[in-house]
Amino acid sequence: MNPSAAIDAIQLRKTYATTRGFIKRERVEQVALRGVDLSIGRGELFGLLGPNGAGKTTIVKIFTTLLLPSSGTARIQGLDVVKDQWTVRKRIGFVFGGERGLYMRLSGLDNLRYFADLYQIPPELSRRRIHGLLDQLGLKGRENDKVEGYSRGMKQRLHLARGLLNDPEVLFLDEPTIGIDPVGARELRVLVRGLATSGTTVFLTTHYMLEADEICDRIAVIRKGEIVAEGTPRSIKTRVEDRGIVEFECEGLEPDRIDSLRRLEAVATVIVEERDLSQVVTIHCSRPSELAASLGTLLQGRQVRKVSVREPTLEDAYVLLVSS
Amino acid sequence: MSSKVRVITPFTYLGWLVYPLIIAILGLLILSQGSASKSAYAILGGGLIGFWGLAYQEGGNEIQNERWSGTLEQIMACPTPLAVIVVGKIASSLTFGLLSFIPTVLAAYLVWHMSLRNVDPIPFLVSFVVLTFSFFAVAISLAPLYAMWRWSNALINGFEIGMFALCGFMFPVAQLPHWLQAVSSVLAPAWATRSLYAASGQPYGHDYWLWCGLAIAISCVYLLISWALFRLVDKRARITGQLAFV
């Protein structure tokens, strides 16, 4: 356990119990986290990437005291999230985002006032902080309108304002830019980066590689409840530095031909995406130029178009990590 | 904020205005032809049903509403305990519930020219306060169940109507079968209602202070149960992680 860490997890495990069946009910256990270790320094902007169901939201909910871990320890600024939950809650903010999570019939201002009360913020400080956040997040002028009339982006900004009401030392953002237009998303990323620069520790989960690459100091990739990689975006990318990416379009590529590509020595992964009538094939391999040149022979009888060879990106590293 | 939402939400007007008025009118039509001893039930019955409905239904449903709007997780994870938040919501419900008496008493007076002539004011007032406290105790002891179990809404909604009879809102509990009277005896609002009607001039005894005392004692037991349930809710919700599920 790192005493100076803002967020710390040691061998964090979470198993959900559920039942299956109607008449004869069978108890089923679903393992969401399988011994996660994380240590995030104060003022760091940390990104957690992973496919759906990997355990990202489970980790966030444990850190924000909404879930009890099955075993292991999680601490926020040295405080245990289980034993010291009331103190932890005063020091953190969290944003789950989405269409829900706000009082639709109340105005944005009333939503913030209500949560300021719940966070026990004194009235005068609450008033100043709310107006500052409305200004900072571009909601000034719309604060007296009912939330049900807000756009998706405005709701997300209101969520963020709510998460920042208590001036948290640690902020958790669960996919904060999902469903937001590119301009809005960029503004949000700038804001989040600014928070980290001013000393707030930010823990962010996201699907967007660009977002993680652009703003995170460090990232971790989680797959099926386990951390499979951790480091700076650059260090994660080095995992695929010795590889290249070959991409091409094809039509009617049979499964056994795809399998034969996979069996090639230099090939690490083959991903096939169906787009309308054609297939876009992405191959991670160690000798991309050679492979690109031999595609015509390998896929004889099939029309291969738009063949390209490129350097791997963070997304390619992520795909390799979660699909291997 | 809970009160503000109620003012905005049209459905709330059904609870404190429309339903109590309908029940009061039915009660007045039926009971106005009977003896004067039943007039208090006609005048107060509709208001009591509306008061109870809002205090219990709305107070408990607030948790369900939070779940449906996706805010239950937000409020569970804030530094203010859920129990304190629920107390505020139930207090808001009780305040609105008091409004139920306005249309019902007015309807009785203006249309049927009925009023409570034989009210003993101090016992009446004390009984009313104790009744309010007992409604609060029931509502807050049931509210955690809404947080814990998503299906509790269906089960507990049915309980609301049974309480009308078991607590003697529209007719004396003494008219129920003996085994139901035994059930009624563990309900704090039943004792407070009995005291209230006795103070309104009903000829069923005048042990106001005993009945109020019983109502307060049973309410305190409910509050203890509520305290235990809220602790259980907090732990169970954090184990199962089902707060976000609708």
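Within every chain, residues take consecutive numbers counted from 1 along the sequence as written. Note on labels: chains are lettered from A, ligands numbered from 1, in written order. The model is predicted, so local features are restricted to residues of pLDDT at least 70 and side-chain atom pairs to those at 80 or more, both for listing and for counting; the totals for chains, interfaces and linings are taken over all residues.

**Some details on the overall build of chain A**
- Helix and strand assignments come from DSSP, with helices taken as H or I runs of at least 4 residues and strands as E runs of at least 2, each series counted from the N terminus. A count of helical and extended segments in chain A gives eleven helices and 14 strands.
- Counting only C-alpha atoms, chain A reaches 75 × 50 × 45 Å along its principal axes.
- The exposure scheme places C-beta atoms from the backbone and then counts, for each residue, the other C-beta atoms within 10 Å of its own, assigning buried at 20 or more, exposed at 12 or fewer, and partly exposed in between. Looking at chain A as a whole, 38% of its 324 residues qualify as buried.
- We call two residues in contact when the distance between their C-beta atoms, placed using the backbone, is within 7 Å. Long-range pairs, those at least 24 residues apart, make up 69% of the contacts in chain A with a sequence separation of at least 6.

**A few points about helix α10 (residues 188-199) of chain B**
All names here are of chain B.
- Compared with an ideal rise of 1.5 Å per residue, which puts twelve residues at 16 Å, α10 spans 17 Å between its outermost C-alpha atoms and is within 8% of the ideal.
- The buried fraction of α10 amounts to twelve of the twelve residues, a majority that puts the element mostly inside the structure.
- Buried residues of α10: Ala188, Pro189, Ala190, Trp191, Ala192, Thr193, Arg194, Ser195, Leu196, Tyr197, Ala198 and Ala199, and no others.
- Immediately downstream of α10, the backbone of Gly201 shows phi near 100 degrees, a positive value. To estimate how far a helix should extend, the number of its residues minus one is multiplied by 1.5 Å.

**So, the packing of α10(B) against helix α11 (residues 208-240) of chain B**
Residues and elements named next belong to chain B.
- To obtain each axis, a line is fitted to C-alpha atoms, and for helices this fit is confined to the stretch in contact; angles are then taken between N-to-C directions over 0 to 180 degrees. Interhelical geometry of α10 versus α11 gives an angle of 155 degrees and a closest axis separation of 8 Å. Our classification of the angle between α10 and α11 gives roughly antiparallel. As α10 runs across α11, the sense of the crossing is left-handed. Contacts between α10 and α11 involve Ala188, Trp191, Ala192, Arg194, Ser195, Ala198 and Ala199 on the former and, on the latter, Tyr208, Trp211, Cys212, Leu214, Ala215, Ile218, Ser219 and Tyr222.
- Polar here means any residue other than Ala, Val, Leu, Ile, Met, Phe, Trp, Tyr, Cys and Pro, which are nonpolar, and Asp, Glu, Lys and Arg, which are charged; Gly is therefore polar. A breakdown of the residues in the contact of α10 with α11 according to their chemical character gives twelve nonpolar, two polar and one charged. Note on angle classes: values under 35 degrees are labelled roughly parallel, values over 145 roughly antiparallel, values of 65 to 115 roughly perpendicular, and the remainder oblique. Helix crossings fall into two classes, left-handed where the near helix is turned counterclockwise from the far one by less than a right angle and right-handed where it is turned clockwise.

**Brief notes about the environment of B:Ser134**
All names here are of chain B.
- Following the sequence through the fold, Ser134 ends up in helix α7 (residues 121-148).
- Overall, Ser134 belongs to the buried group, with 27 C-beta atoms counted inside 10 Å.
- Note: C-alpha distance between Ser134 and Ser93 (41 residues apart in sequence) is 14 Å.
- Excluding its chain neighbours within four sequence positions, the residues that come into contact with Ser134 are Ala188, Pro189, Ala192, Ala215 and Ser219.

**A look at the pairing of strand β8 (residues 201-206) of chain A**
Residue and element names in this part refer to chain A.
- For β8, the tally of buried residues reaches six of six residues, placing the bulk of the element in the interior.
- Side chains Thr201, Phe203 and Thr205 project from β8 onto one buried face, and the interleaved Val202, Leu204 and Thr206 project onto a second face that is buried too.
- By the convention used here, strands pair only if DSSP detects at least 2 bridges between them. Inspection of the sheet shows strand β3 (residues 45-49) paired to β8 by five bridges, in the parallel sense. Of the residues in β8, the one forming a bridge with Leu48 is Thr205.
- Pairing of strand β7 (residues 170-174) with β8, which is carried by five bridges, proceeds in the parallel orientation. What sits directly across from Leu173, in β8, is Leu204.
- You can see the chain leave β7, run along helix α6 (residues 182-197) and come back into β8, and the turn it takes is right-handed. With the strands pointing away from the viewer, any crossover whose connection runs clockwise from the first strand over the helix to the second is right-handed.

**Looking at the sheet that holds strand β11 (residues 244-250) of chain A**
All names here are of chain A.
- Spatially, the four strands line up as an open sheet ordered β12-β13-β11-β14, and their pairing is antiparallel. Where the open sheet ends on each side, the last strands, each with one partner, are β12 (267-275) and β14 (304-310). Averaged over all adjacent pairs, the angle separating strand axes in this sheet is 15 degrees, with direction ignored.
- Bridge count for β11 against strand β13 (residues 278-285) is seven bridges, and the pairing is antiparallel. When the sheet's bridge partners are listed, Glu247 is paired in β13 with Thr282.

**Some remarks on the interface of chain A and chain B**
- Tallying the contact residues gives 23 residues for chain A and 21 residues for chain B.
- Listed by contribution, the elements that provide at least two residues to the side of chain A that touches chain B are α2 (85-91) and α3 (108-118) of chain A.
- Considered class by class, the residues forming the side of chain A that touches chain B number 13 nonpolar, four polar and six charged.

**Some points on unusual backbone geometry**
All names here are of chain A.
- Although it is not a glycine, Gln120 adopts a positive phi angle of roughly 60 degrees.
- With respect to the helices and strands, the residue Gln120 is situated in the loop between α3 and α4 (123-136).
- Even without a glycine there, the phi angle at Lys224 is positive, about 45 degrees.
- As for its placement among the helices and strands, Lys224 is situated in the loop between β9 (218-223) and β10 (226-231).

**A short note on the packing of α3(A) against helix α5 (residues 152-164) of chain A**
All names here are of chain A.
- Viewed as axis vectors pointing N to C, α3 and α5 meet at an angle of 25 degrees, and their least axial separation amounts to 9 Å. Here α3 lies roughly parallel to α5, going by the angle between them. Between α3 and α5 lies a crossing whose hand is right-handed. Touching Gly108, Asn111, Leu112 and Phe115 of α3 are Leu158, Ala161 and Arg162, all from α5.
- Taken together, the residues of the contact of α3 with α5 sort by class into four nonpolar, two polar and one charged.

**Some details on the confidence of the model for chain B**
All names here are of chain B.
- With 81% of its residues at a pLDDT of 70 or more, chain B shows a mean pLDDT of 81.
- Per-element confidence in chain B ranges from a low mean pLDDT of 59 for helix α1 (residues 2-8) to a high of 91 for α10.
- Of the two predicted TM-score estimates for the complex, the pTM is 0.81 and the ipTM is 0.78. Values of pLDDT, ranging from 0 to 100, describe the predictor's confidence in every residue of the model.

**A closer look at the pairing of β13(A)**
All names here are of chain A.
- Judged from the eight bridges that link them, β12 and β13 form a sheet pairing that is antiparallel. Across the sheet, the residue bridging to Val272 is Val281, located in β13.
- As consecutive antiparallel partners, β12 and β13 are separated by two residues, and within that stretch Asp276 has a phi angle of approximately 50 degrees, a positive value.

**Things to note about the domain arrangement of chain A**
All names here are of chain A.
- Once the domains are mapped, chain A shows domain 1 (5-231) and domain 2 (240-323).
- The interface is formed by ten residues belonging to domain 1 together with six residues belonging to domain 2.
- Within the residue set of the side of domain 1 that touches domain 2, elements represented by two or more residues are α7 (209-215), β9 and β10.
- Across the side of domain 1 that touches domain 2, the residue classes tally to seven nonpolar, one polar and two charged. Each domain's extent was defined by an automatic or database domain assignment.

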